[in-house]
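Okay, here's what each chain looks like letter by letter:
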Amino acid sequence: NTGLPLMIYNIPGRTGVNMLPETLAKISQIRNYVAIKESAGSVEQVAAMRQLTSETFAIYSGDDSLTLPFLSVGACGVVSVASHIVGREIGQMIDDFFAGRVRSAEKLHLRLLPLFKALFVEPNPTPLKAALELSGFPVGKPRLPLLEATPKTKELLKTVLRDLSVLATA
């Protein structure tokens with residue numbers, strides 16, 4: 001029980017249950033529920049959530065690769081994994097979209113898409129930690145039960161980070 005603002009996290013891939021738009025509409029009427037991080041992977045579901053909630057209820061993408069499509073149906077941003085590496089670019093993509101520079105946003109999205117995908121070839125945060133290390137940020141290894149990224153994943157990340165010019169030179 002709190003008066004603090006709360007963000008709901010809908011992630012059926014981890015919970016086994018998808019929060020339906022109708023359920024969210026009811027929850028969003030509770031004063032301190034102010035946002036949702038939506039990770040069900042459905043543009044149609046985000047559109048329904050936007051239709052059923054007030055304009056002041058914030059919908060955030062919970063999946064970097066779906067941020068731009070979600071923005072087009074009413075999301076306002078992203079709770080991002082990739083932003084730890086390319087935060088400025090993601091911010092620029094969102095700013096471009098809302099400023100009407102949709103083609104520019106699309107180009108950024110497509111440029112970043114290989115990173116968005118590479119960061120989820122193994123359970124999060126394993127690839128992110130490897131990518132941060134490769135980018136020059138010594139964040140350490142994941143805690144058990146997660147293991148270090150495989151050599152194959154590290155090679156993929158090296159390629160993607162090199163293409164984005166964020167690979168550390170050491």
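**Student:** Tell me about the nonpolar core, and please be specific about residues and values.
**Tutor:** Of all hydrophobic cores here, the largest spans 40 residues; its most connected members are I36, I85, V86, I90, L115 and L119. Elements represented by at least two residues in this core include exactly helix 3 (43-52), helix 4 (67-71), helix 5 (83-98), helix 6 (102-118), helix 7 (126-134) and helix 8 (151-163). Setting aside its immediate chain neighbours within four residues, I85 contacts L115, L119, L128, A131, L132, S135, L161 and V166.

**Student:** Report on helix 5, specifying residues and quantitative values.
**Tutor:** Taking 1.5 Å as the rise per residue, helix 5 with 16 residues should run 22 Å; its terminal C-alpha atoms sit only 18 Å apart, a clear shortfall. Helix geometry: helix 5 is bent most strongly at E89, by close to 40°. Among the residues of helix 5, those classed as buried are I85, V86, I90, M93, I94, D96 and F97. Looking at the buried side of helix 5, the elements it contacts are helix 4, strand 4 (77-78), helix 6, helix 7 and helix 8. Downstream of helix 5 by one or two residues, G100 has phi in the positive range, about 85°.

**Student:** Kindly report on the layout of surface pockets, identifying the contributing residues and their values.
**Tutor:** In this structure, the largest pocket spans a volume of roughly 370 Å³. What lines the largest pocket is a set of 19 residues, among which Y9, I11, R14, G62 and F120 lie closest to the centre. Counting residues per element, the ones that place at least two in the lining of the largest pocket are helix 1 (12-15) and helix 6. In the lining of the largest pocket, the residues fall into seven nonpolar, seven polar and five charged.

**Student:** Before we move on, can you summarise the side chain of E122 with the specific residues and values?
**Tutor:** Turning to its location among the elements, E122 is positioned in the loop between helix 6 and helix 7. For E122, which is buried and forms no salt bridge, the nearest opposite charge comes from K154, at a distance of 8.7 Å. Among the polar contacts listed, one links the side chain of E122 to the backbone nitrogen of T150, at a separation of 3.0 Å. A distance of 2.5 Å separates the side chain of E122 from the side chain of T153, its partner in a polar contact. Once residues lying within four places of it in the same chain are set aside, the contact partners of E122 are P127, E148, A149, T150 and T153.

About the cut-offs
Residues numbered from 1 in each chain as written. Predicted model: local features only at pLDDT ≥ 70, side-chain atom pairs only at ≥ 80, totals over all residues. Heavy atoms only, no water. Core = buried A, V, L, I, M, F, W, Y, C linked by side-chain atoms within 4.5 Å. Buried < 20%, exposed > 50% of the residue type's maximum accessible area, 1.4 Å probe, protein only. Helix = DSSP H or I, 4+ residues; strand = E, 2+ residues; numbered from the N terminus. Contact = heavy atoms within 4.5 Å. Expected span 1.5 Å × (residues − 1). Bend = angle between axes of the 7 residues up to and from the residue. 1 Å grid on protein atoms, 1.4 Å probe; cavity = no way out; pocket = protein on both sides within 12 Å on 5 of 7 lines; lining within 4 Å. Points joined across faces, edges and corners; volume = space filled by probe spheres on them. Nonpolar A, V, L, I, M, F, W, Y, C, P; charged D, E, K, R; others polar. Lys, Arg positive; Asp, Glu negative; His and termini not counted. Salt bridge = Lys/Arg side-chain N within 4 Å of Asp/Glu carboxyl O. Polar contact = N/O pair within 3.5 Å; in protein donor to acceptor, adjacent residues only side chain to side chain.

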